[in-house]
Structures are given as structure tokens and as C-alpha cells.
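# Observations on chain architecture
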Amino acid sequence: MLGRFILLKICLLLLCCSKITENAKKSLASLKRENPRLEPTLAIVQAHNDRLIQEINRNFAKEVGLHVTHICLPESSSKDEIVNEILRLNEDPNVQGLALDLPESLYSSKVLNAVKPEKDVDGLSDVNLGRLVRGEAYDCLVPPTACAVMELLEDLGGKTVLLVGAGGAVGAALQCMLQREGAATLSCRWKAPQLQTKLLHADVVVVGSTKPDDVPGSWIKPGTTIISYSRDLLSEKHNYGRQNNHAAENTVGSLAIAMRMQNMVKNTERWIQSQQYRKWDLRCLKLQPLSPVPSDIEISRAQRPKAVDVLAKEIGLLTDEIEIYGQTKAKVRLSLLERLKDQPDGKYVLVAGITPTPLGEGKSTVTIGLVQALTAHLNINSFACLRQPSQGPTFGVKGGAAGGGYAQVIPMEEFNLHLTGDIHAITAANNLLAAAIDARILHENTQSDKALYNRLVPVVNGVRGFSAIQLARLRRLGINKTDPGTLTEEEISRFARLDIDPSTITWQRVVDTNDRFLRKITVGQANTEKGFVRQAQFDIAVASEIMAILALATSLQDMKERLGKMVVANDKKGEPITAEDLGVTGALAVLMKDAIKPTLMQTLEGTPVFVHAGPFANIAHGNSSVLADKIALKLVGEKGFVVTEAGFGADIGMEKFFNIKCRASGLVPSVVVLVATVRALKMHGGGPNVTAGAPLKKEYTEENLQLVADGCCNLQKQIQITQLFGVPVVVALNVFKTDSPAEVDLVCKIAKQSGAFDAVPCNHWSAGGRGAVKLAQAVEKAANQKNSFKYLYSLELPIVEKIRIIAQKVYGAQDIELSPAAQSQVDCYTRQGFGNLPICMAKTHLSLSHQPERKGVPTGFILPISDVRASIGAGFIYPLVGTMSTMPGLPTRPCFYDIDLDPVTEQVKGLF
């Protein structure tokens, strides 16, 4: 009779186990239908090689639809070795759950708490146990062994339950769960003196470890229910005095493992939810603006930024999506784009400006002030996306680019100096390619075809083979062979020789310093270069095509392909030579693999900022990266705003943003913020020259309505340029303390009459985000207006016609005039198949024309095109208007005179 009773209970337990497994299976199948690429993985760390436990786990996992992997460590493994393995699995994005099967001696607090709570499917970490104790079972995973024990017990109200040898996390969980069911719980060690007394009074005994032989069965009163979850004896409940039934033991063990898989499915559901977009929980930093306004670096240093990992969590980034650099900077991994691919984008705002004075009109400051107003004062998610400043201007005339006053990125010295090393990576990659060009010419000039081929394809460990990039070159040459020994002499010559024409080399070395003496140099003067001497030059690092590629790439693969397409010269037949031909593409990608990740920082009010890429707008396309914008648009959510900035005036940076960057990204801007200042408008109205470092003339510090009115022609022209693209425009008047109320009102009135959606005076420099709230409200309204965005020209048009459209419609030129050299280059690029690329004009930023001294709105001029070059990897043709230098020089008194370091505090002084 008793045998039938036990058999019946075993059948019921097996049924319960089957039901749990089936429910878990259905739940996981539902999750997979909604997420077709879902492949949840449970990693189990073992410090033994118990094949039976492995098999049981695998069978249950297979039944449910989970993938399980066992990490089998030696039994002699130390706790530190176990922890190291756990930490590795914590950071593995392909592992959603982590469990431990270890000897009792290794189950220490250090080991259990090394498991990330969100991966802890066995619920043994302090975080999960704490939630269970607090009654937050909905927010934690309960230890499956404890759940299995509770499943076997019923009608516990008023009963006394004794836990013997049941310590640790499972014992703590059991006590909590038993008490919630109304049981009185006691706990005791096997060797405790009072063990016999407690056993005699217990209605239920739960055993957590093997019973010693010296504890007789007579200590337990007849009828007592006994449950053992010992690793050596996982048995079904039974009445004392009867022989243990091994089938029942296996059933209990199976039940615990089934519940482990159930926990894994719950964990997978939570993991999916964690991957989805989350509402921001942003803690903004308070500002206490002072008057007079201190220096930028004093303001920056007075504010204590949040730790960057805290900021990342607030805006919905996962821990495995950031790479932390110090306390206040972090790289953001591109995997986020895949995670949030179904998340709708937010609104896209471009900050541009009127034609500036040499002092700049504060576009970066407006950008930062606007996002501080949106997020810190209007509670709207917003992100600023800025370019990384070059050290050339930072130590030259302009200074840094972190914004200014109470609207800046902090810490400003970290923003302006090195940041995360992206520009250094660009410099290294650029100069590696430059070195490869000259070295290849030298080696081809001094070796026979056979010697050159043998060195390019050497025998290594007795084996000769082509590298992947060499095989790709063979395919481009139409040579479909993979065995180096089978090439004919003619094929060897075609493969080994690039025959670069030195007079056509367009690729220059770069350095991130203003150094006028590198504008023209001679390379190859050492005897070792065997007479191969040629004239060359250095460009500033941010003028490198690799910087433009970084800013326009949409993925790591896209960047690699663009790097390979870079044309560095022509061969002696007039055909283009690329980085791919030189075999350097993979190496360039390796140098740039971290630089492609945007850098996360914050504003003075604790709102997020991406700093990424930094091409100049006068000699490149002048915008921050496509990737930073795309990631930010996902993070802010559908009702949020991403605010990015285009360099210099709208005629330069904005035009390139629309015609080049938007074509590359496929993104459509919602609104343009056009920055103006009374100072710049007075200059365009006929005011005296504005010179960096020199005091402003009285015309700029005293009210002069006529000068302002006359200068508004430039503002009106820039509004008209914006309207060419069909995007609403809001004018932001950056207010200075010398501006009179009448001057401010006049500018706003003329701007609105000229077609601006709104015109708003801004005081963010002195008041932070609070001073740009009205601008933020205007931008929010404008972003909801009808948007009829369109490009200025079709890519199918001839190169010359595209240049003419920009010159006439944007700059106001009567026509263009190409030099013979420029026309020759246009013909060459057209013949080579590059005629369908957009145009990136290299032109002075100080005038709508090619003449910096011509202010206001020049007309009737002929725009001279002195040369035309191509950035094929970046994807544009760039005509040079007049004389444009790609290497700035230092002035008589550079900024570096004021920059210093306190050797005691290590604080930087003098940056602005």
C-alpha cells in the first residue's frame, strides 16, 4: 500500500515537473515568435565534471528550447579562478543567464555576488535575496531549489519546520518563504547540542546537507515529513522509518532543474525588456550662475559632473554598451543601433549660423544651451551632438569648442584636449597610408618584377599564399587564381606593380597642430631613399579624408569599405590607385576601430552629449558624425530632440549638412536654428573690421540701429538659403551684454518678416538652460510644422553644373570660372566614374563670396575654382575656391601663452 502511495506521489511530482517544463517551453516559444533571432543561452559554471548533472541540464534545456553551455573548471579551482570566469560571462552579451554547480566549499559570498543579479537564474546573489526578503518576488528570481522544496510541502500553517544543515542563500530563501506560508521556522546545525530536542518537536524537517552517521533516526518523531535537498541526497518527502526511494530523489532533483529553466525563461523575458527602449530617468545638475560671469574653465571646474556610467544608465544605455574612459567620458558601442532598430527616431535639429566674425557667433554655445533648456527645464529628452575640436585652433587663436559661459560641455579641458584619442587614431592611420605610398614607389623603382613579387608573397613556414586583401586585388585585375606559383610573368607584373605616378599623389601627411612651415616640404632626402625625392606637404589632421569618412560612415563595415576606396594617386596610365590597392585597408580599419564609437559626455546641467568627429567646414564638410546622430535619435525617443551643429555659416556648414551628410545618413532634419549676433550683423552692415585678440571698436559696444538694420541683409540671405531646402528656420539671437533692447527687438522683427518661423533672443551664456527656454519652446513648435525637405541638386548632374548651382543659389555668384587645372581634374574624375558624387566646396567662411573682406551679401562676382580634388572614400568632390590652405598657421600671440598646468593640483589653466 505504501509503495503505491509513494508511486502515486512520484507520478504527481513528475506531472508537476512536466507542467513546469511545458509552461516554460510555451513562454519561450512566444518570446521567439516576437523576437525571431532570439537564442537565449544559459551558462553553467562547474568545478567538477559530473556528466550526469550536465546531461540533466541539457535535456531540460533542450525540451524548453534553451541553449545551455557548461564551463567545466578543475575541482582544484580557487574562488578567484571561479570569480574570474563569472566576470567574463557577466560581460558576454550572448549569455542571458548564469548558474553555478560547485562544491559546497566554493559557495562563498564572494563567488555568489560575482554573478550579475540580472543574470543570476539561481537567485543566490544578495540583490535577489534582498528583494525576496522585502517581498519583491515579482522583481527577483527565487532559488529553484527552494521553490522545489516548497512545491513538495503543503498546509504549512501553524506547523513547525526545522532546517537542518540548511545554511547559505538557499536556507535564507527557504526561511523567508516558509514564514510567508505561516510556518514557524527553526534552524540548526547537525552538530548542535539542541538538535535532538528540535527534531522531536518538528512537524517538518528540511535537510540541506548529508546526515552524519552519528545522528540516529530515533531522534525524529514518527509521522514527521522529511525533505532533503542535499547535493548527495535530493529525495522526495517521505515518512521517517522507511527506506528512501531513489526514483523520488531523482524527481526532486529534476523539479529543481525544471524550475531553474523556468527562471531562465523569466530572465530571458526581462533581458528582452532591458534591450528595449526605456524612458529616461535623468537627474539634472543644478546651476547657480554668477554675475559677472566667470571664465569658462572656472565655470566648468565649479560644477561636479556625474559619473559617466550613471549618466549612461539614466539615458537607457546598457552596461555592455559603454567603454569607460576615466570618470567622465565613455565610448558607446554601435551594437546599440541593432538593439533599438525598431525604436522611432526623435526630432532632428541643426544649428547653423550667419556669416561669422573671426570671433565666432556661438553656435556651440547655442547648441548646448538649447539641450539644457529642453531637458533640464522642459523635461524633454534631448541630446547634443558636437564635433571634437582640433588642437590646432585650441592652441592657436580660436580656443576650444566646448561652448561657453553656463552652456558648455564638461569637463571642458578633457573635451578640448585629446578626448578619447580619435584624432590621434586618424593621424596614425593617415600617416601609415602616406608612408605606404612612398615605400611602394621606392621598392618598385629598385626591384625586378620577380624580386618584388617574392617579397610581396613570401614563403612562411614552407607555405606561400596570398593574404585576403591580395586575393581581392587579383580579382579586381581579373586574375582568378589563388596559388602564387601559377601566375604568369605578365600577371606577376600586373599584380606586383602599381606604377604610381608621383606627380599625381594627392595623399598628404597630417599633424594636429597649426604649423605653417609644413605647408610645403621635401621628402626622401636621406641617402637610403636612393634619390627618390619629391615635394609634399602636411595638412592639419582634421582635414584628412579619414576624418571625413569617420563622420559619414554608417557602420564599421561601411567605414572599412570607404577606407579602401580612398584614391591616393593615379598610375602612369591615368587610372586611380586606392588604399585597397596598397593593401593597407585592414590595418587602417584596425587603427580606427575604437574611433568609430561616439564619445559620451555631459553638459553643465547633466544632460547627455555625443562628441564625435571634427572635420572643418571650410576645407571639409564640417559636421559631427552620422553615427552619433543616429544613436542619439534612438536614445531620445520619438518625442525627444537631437541637436547637432554645422560649422561656420549656413552657406557652408548647413549646405554640406543637407547635400552631403543627409544623403549619407538618410536622415531628414526637422528644423534649423540659425544663430546670429548683433556684433556680426553690425559688421555686415559696414562696421569696422573685427580682429581676434583686439578690442572691439565702439560701433560694436554702443547702440547703432542703422548698422544693425543694414547688416540684417546677411541674416535674410541665410534664411533664404535655409528655405531652399524646405526646412523651417528659427533664428536664435545670441545676446551680449553690450546689445541694447532696441537692437535685439529690431533683429527679431526683421528675421520674422524675412520668413523665419520665429526669432528668439537667448541668454544661455549667462543663465544656462533657463536662458534658452523660449528658444526651446520655439524649436519644439517649429519641429511640428510641415517639412518639405529637398536636396539642392541632383547627383546625376555634371560636376561643373553642381558647382554652379551652389555658387549661384547659395553664395549669390553670377557664375563660376574654372582654372585649366580644375577643368582637367573635373574631366579626369568624370572619366574615372566619380562624376555622380556630391560637392564639398572649400571656401572662406568669412564671406558669402570667395573674398573674406566682402561682407553683407556680395553680388555680381565670378567664383574662381582654382583646383578640384576628390575624396572618393568619403564620397564627395571638393573644389577649391581661390586660395585655401589646409594647414593653418600660428599667429603672433597664440592661445598657448595663457595655457598652463598647476603641478600640485594638476589643474589646467587658461583654456577657453
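To keep things clear, this report deals only with the structure shown in the data block.

Parameters and conventions
Residues numbered from 1 in each chain as written. Predicted model: local features only at pLDDT ≥ 70, side-chain atom pairs only at ≥ 80, totals over all residues. Heavy atoms only, no water. Salt bridge = Lys/Arg side-chain N within 4 Å of Asp/Glu carboxyl O. Pairing = 2+ DSSP bridges. Helix = DSSP H or I, 4+ residues; strand = E, 2+ residues; numbered from the N terminus. Axes fitted to C-alpha atoms, helices over the stretch in contact; angles between N-to-C directions. Phe/Tyr/Trp six-rings, centres within 6.5 Å; stacked < 30°, edge-to-face > 60°. Buried < 20%, exposed > 50% of the residue type's maximum accessible area, 1.4 Å probe, protein only. Right-handed = clockwise from strand over helix to strand, strands pointing away. Patch = residues over 30% accessible without salt bridge, like charges linked within 9 Å, V, L, I, M, F, W, Y side chains within 5 Å. Areas by Shrake-Rupley, 256 points an atom, 1.4 Å probe, with all protein chains shown as cover. Disulfide = S-S within 2.5 Å.

## Description of the pattern of salt bridges
Pairing between side chains of opposite charge can happen when the charged atoms of each approach one another. A full pass over the atoms with the stated rule returns 41 salt bridges. A salt bridge links Glu 136 to Arg 134; the nearest nitrogen and oxygen atoms lie 3.3 Å apart. One network of salt bridges, with partners in common, ties together Glu 323, Arg 333, Lys 593, Asp 594 and Lys 597.

## Side note on the sheet that holds strand E29 (residues 815-818)
Pairing in this open sheet of three strands is mixed, and the strands run E29-E30-E31 from one edge to the other. With one partner strand each, in any of the chains shown, E29 and strand E31 (876-881) form the two edges of the open sheet. Each adjacent strand pair in this sheet contributes to an overall mean axis angle of 50°, direction not counted. Relative to strand E30 (residues 862-871), E29 is paired through four bridges, and the arrangement is parallel.

## Some details on the packing of aromatic side chains
What the rule picks out here adds up to twelve aromatic pairs. Ring geometry for Phe 383 versus Phe 610: centroids 4.5 Å apart, planes at 20°, classification stacked. A residue pair is termed long-range when its members are at least 10 positions apart, and Phe 383 in strand E12 (residues 382-386) and Phe 610 in strand E24 (residues 608-611) qualify at 227 residues. Per residue, the accessibility class of Phe 383 equals that of Phe 610, and both read buried. With 4.5 Å between their ring centres and 35° between their planes, Phe 658 and Phe 725 make a pair best called tilted. Taken as a pair, Phe 658 in helix H24 (residues 650-665) and Phe 725 in the loop between helix H27 (705-723) and strand E27 (729-734) lie far apart in primary sequence, 67 residues in all. Taking relative accessible area as the criterion, Phe 658 reaches 0% and is therefore assigned buried. The buried category is assigned to Phe 725, whose relative accessible area is 0%. Cluster of aromatic residues (ring-pair linked, three or more members): Tyr 348, Phe 657, Phe 658, Phe 725, Phe 789 and Tyr 791.

## Here's the deal with the pairing of strand E2 (residues 67-72)
In this structure, strand E1 (residues 41-46) lies alongside E2, joined through six bridges in parallel fashion. Note that in E2 the partner of Val 45 across the bridge is Ile 71. The parallel pair E1 and E2 is bridged by helix H2 (residues 51-64), and the resulting crossover is right-handed.

## Regarding the sheet that holds E2
For sheets, the rule is that strands pair by backbone hydrogen bonds, running either parallel or antiparallel. Spatial strand order, E2-E1-E3: three strands in an open sheet with parallel pairing. Two strands close off the open sheet at either side, each with one partner strand: E2 and strand E3 (97-101). Across this sheet, the average inter-strand angle for adjacent strands is 20°, counted without regard to direction. Across five bridges, E1 lies against E3 in parallel orientation. Across the sheet, residue Gln 46 finds its bridge partner in E3, namely Asp 101.

## Comments concerning a nonpolar patch on the surface
The grouping of Leu 890, Phe 896 and Tyr 897 at the surface amounts to a nonpolar patch, some 290 Å² of accessible area in total. For Leu 890, the location among the structural elements is in the loop between E31 and strand E32 (900-901). Among the residues examined, Leu 890 registers a relative accessible area of 32% and is labelled partly exposed.

## A short note on the state of the cysteines
Think of a disulfide as a covalent bridge from one cysteine sulfur atom to another cysteine sulfur atom. Here the structure, examined in full by the defined rule, presents zero disulfides. No disulfide involves Cys 748; its sulfur sits 8.5 Å from that of Cys 762, the nearest cysteine.

Read these as spatial facts, not as claims about activity.
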